[in-house]
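Close look at the chain arrangement
Residue-level listing of the chains:
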Amino acid sequence: MTRFALLTALWLLTLIANTRPAFADTEITIGVYNFPPIAGMDGDRVTGLLGDLLETLEAVHPGVHFKPVYTSPRRRYLDYQEGLFDVMFFESGDWEWRKRGALVSRPILMDEEFYVALKKPGRDLSFFDDIADRHILAMAGYHYGFAGLEADDRELRKRFHIEFSDSQQRNLKLIKADRPSVAEVAIMSQSFLRGHLAKSPKDWDKLLISDRPDQTYKLGIVTRPNGPVTADDMINLLEPLIDNGQYRLLVEKWNLRLPPGFFASFADDRAGAE
């Protein structure tokens, strides 16, 4: 057993012994789509940070069961409106949720997206100055800063030279294949790039990465008004993992970050409630 796994097991045993269940026999449906490394689905299994987090939360709160419901980036709002799931982790309220009446918790995660191109002689960061002039690769259904957070594929194709896929890994391969008529710039999350470059350090010399992000997003938990749980309920479920540092370890494992002032905001709330 690795040191990380051993520490995880010890923390879970301590938490289970000292945490009183806040919910009894509660099933919570969780919307999940491909958003690596934050979330994904492999058959019936949730992957990424979300997979680790749901497994840990169920261990700490024995009365709670999370039922994943697969959706897609483009379909998630329609599935939410049709009541197919009650909660979605790691979403920004700016991504259409608030205008659809959803409840959004405080931020519990952050990440950024950067422009990535093939490094060539004479090509420097000015290559990204006017992204609208480039052939762009993006993820279908994602929101992007350069497009004013517009996520409709048809609208984006009218305004930009843009192609979509469901895989950041595929987009990176197309950039490295040097096919400028198809792909000059891909937009990729910092967490994905960190993970990829840790495994393939030679790509540092092959890729040109923008020094300014396309978007910095702070992500919370989305819940349904009048649903079985509220955004505050979900934060309360998460709180034991925040208190003992386990949540931070899970976040860092996936090359992700906590928002600035994350721990101070929880401390302030707790002090105000006393």
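The residue numbering used here restarts from 1 in each chain and proceeds along that chain's sequence as written. A pLDDT threshold of at least 70 governs which residues receive local features in this predicted model, and a stricter bar of 80 or more applies before side-chain atom pairs are shown or counted, although totals over entire chains, interfaces and linings include all residues. As a rule here, side-chain values cover all heavy atoms of the structure and leave hydrogens and water aside.

Bringing the overall build of the chain into the picture now. Per the convention used, a helix needs a DSSP run of H or I reaching at least four residues, while a strand needs a run of E reaching at least two, with both numbered from the N terminus. When helices and strands are tallied, the chain shows 10 helices and 12 strands. Buried residues are those whose accessible area, probed at 1.4 Å on protein chains only, stays under 20% of the maximum for their type, while exposed residues exceed 50% and partly exposed ones sit between those limits. In the chain, buried positions account for 50% of the 274 residues. Residue pairs in contact within the chain that sit at least 24 positions apart in sequence constitute 75% of those at least 6 positions apart. Only the protein chains shown count as cover for residues, and all accessible areas are computed by the Shrake-Rupley method using a 1.4 Å probe. Of the roughly 13,500 Å² that the chain leaves accessible, carbon and sulfur atoms contribute 50%. Contacts between residues were defined by any pair of non-hydrogen atoms, one from each residue, lying within 4.5 Å.

To continue, consider the layout of surface pockets. In this analysis the probe radius is 1.4 Å and the grid spacing 1 Å, with only protein atoms considered; a cavity is a set of points the probe fits into but cannot get out of, a pocket is an open set with protein on both sides within 12 Å along at least five of seven lines, and lining residues have an atom within 4 Å of a point. Grid points are joined across faces, edges and corners, and a volume is the space filled by probe spheres set on the points. Computed from the structure, the largest pocket encloses a volume of approximately 280 Å³. In terms of lining residues, the largest pocket is bounded by 15 residues, among which Q169, F192, G195, H196 and K199 are the most central. Those elements that place two or more of their residues in the lining of the largest pocket are α6 (168-176) and α7 (190-199). It is α7 that provides the largest number of residues to the lining of the largest pocket, a total of 5 residues. Here the second largest pocket defines a volume of roughly 220 Å³.

Glancing now at the packing of aromatic side chains. Stacked, tilted and edge-to-face are the three classes applied to pairs of Phe, Tyr and Trp rings, where Trp contributes its six-membered ring and a pair requires centres within 6.5 Å; stacked means planes under 30 degrees apart, edge-to-face means over 60, and tilted covers the rest. In this structure the tally under the stated criterion is 16 aromatic pairs. Ring plane angle 65° and centroid distance 6.2 Å describe the contact between F35 and W95, whose orientation is recorded as edge-to-face. Linking F35 in the loop between β1 (26-32) and β2 (40-42) with W95 in helix α4 (residues 93-97), this pair joins segments that are 60 residues apart in sequence. The class for F35 is buried, based on a relative accessible area of 6%. With a centroid separation of 6.0 Å and an interplanar angle of 35°, the aromatic rings of Y144 and F146 are classed as tilted. By relative accessible area, Y144 is classed as buried at 0%. The cationic tip of R134 hangs over the ring face of F127; the distance from NZ or CZ to the ring centre is 3.8 Å. A ring is scored as having a charge over it whenever the NZ atom of a lysine or the CZ atom of an arginine sits within 6 Å of its centre and within 35 degrees of its normal. Just above the ring of Y80 sits the side chain of R224; from NZ or CZ to the centre is 4.3 Å.

For the rest of this paragraph, the subject is the environment of F266. Within the secondary structure, F266 sits in helix α10 (residues 262-273). Look at F266 and you get buried, because its relative accessible area is 6%. Residues F266 and E239 lie 27 residues apart in sequence; the distance between their C-alpha atoms is 8.7 Å.

Per-residue pLDDT for the chain averages 90, and the proportion of residues at 70 or more is 88%. For every residue, the predictor reports its confidence as pLDDT, a number between 0 and 100. Confidence over residues 15-21 falls short of pLDDT 50; this stretch has 9 contacts with residues more than four positions distant or in other chains.

Put simply, P36 and P37 share a cis peptide bond, and its omega is 0°. Inspection of the secondary structure puts P37 in the loop between β1 and β2. The backbone of L149 shows a phi angle near 65°, a positive value even though the residue is not glycine. Topologically, L149 is positioned in the loop between β8 (135-139) and α5 (153-159). One non-glycine residue, N226, lies in positive phi territory at about 65°.

This next bit is on the pattern of salt bridges. Think of it this way: side chains of opposite charge can pair up when their charged atoms draw near. A carboxyl oxygen of Asp or Glu within 4 Å of a side-chain nitrogen of Lys or Arg is what we treat as a salt bridge. In total, this model carries 14 salt bridges according to the counting rule given. Note that E96 is salt-bridged to R100, the shortest N-O span being 2.8 Å. Taking the relative accessible area as the measure of exposure, R100 reaches 29% and is therefore partly exposed. The partner of K176 in a salt bridge is D203, with the nearest N and O atoms 2.9 Å apart. Here K176, found in helix α6, pairs with D203, found in the loop between α7 and β11 (207-209); they are 27 residues apart in sequence, far enough to count as distant. On the accessibility criterion, D203 (3% relative accessible area) is buried. If you follow the salt bridges from partner to partner, you end up with K176, D203 and K206 in one network.

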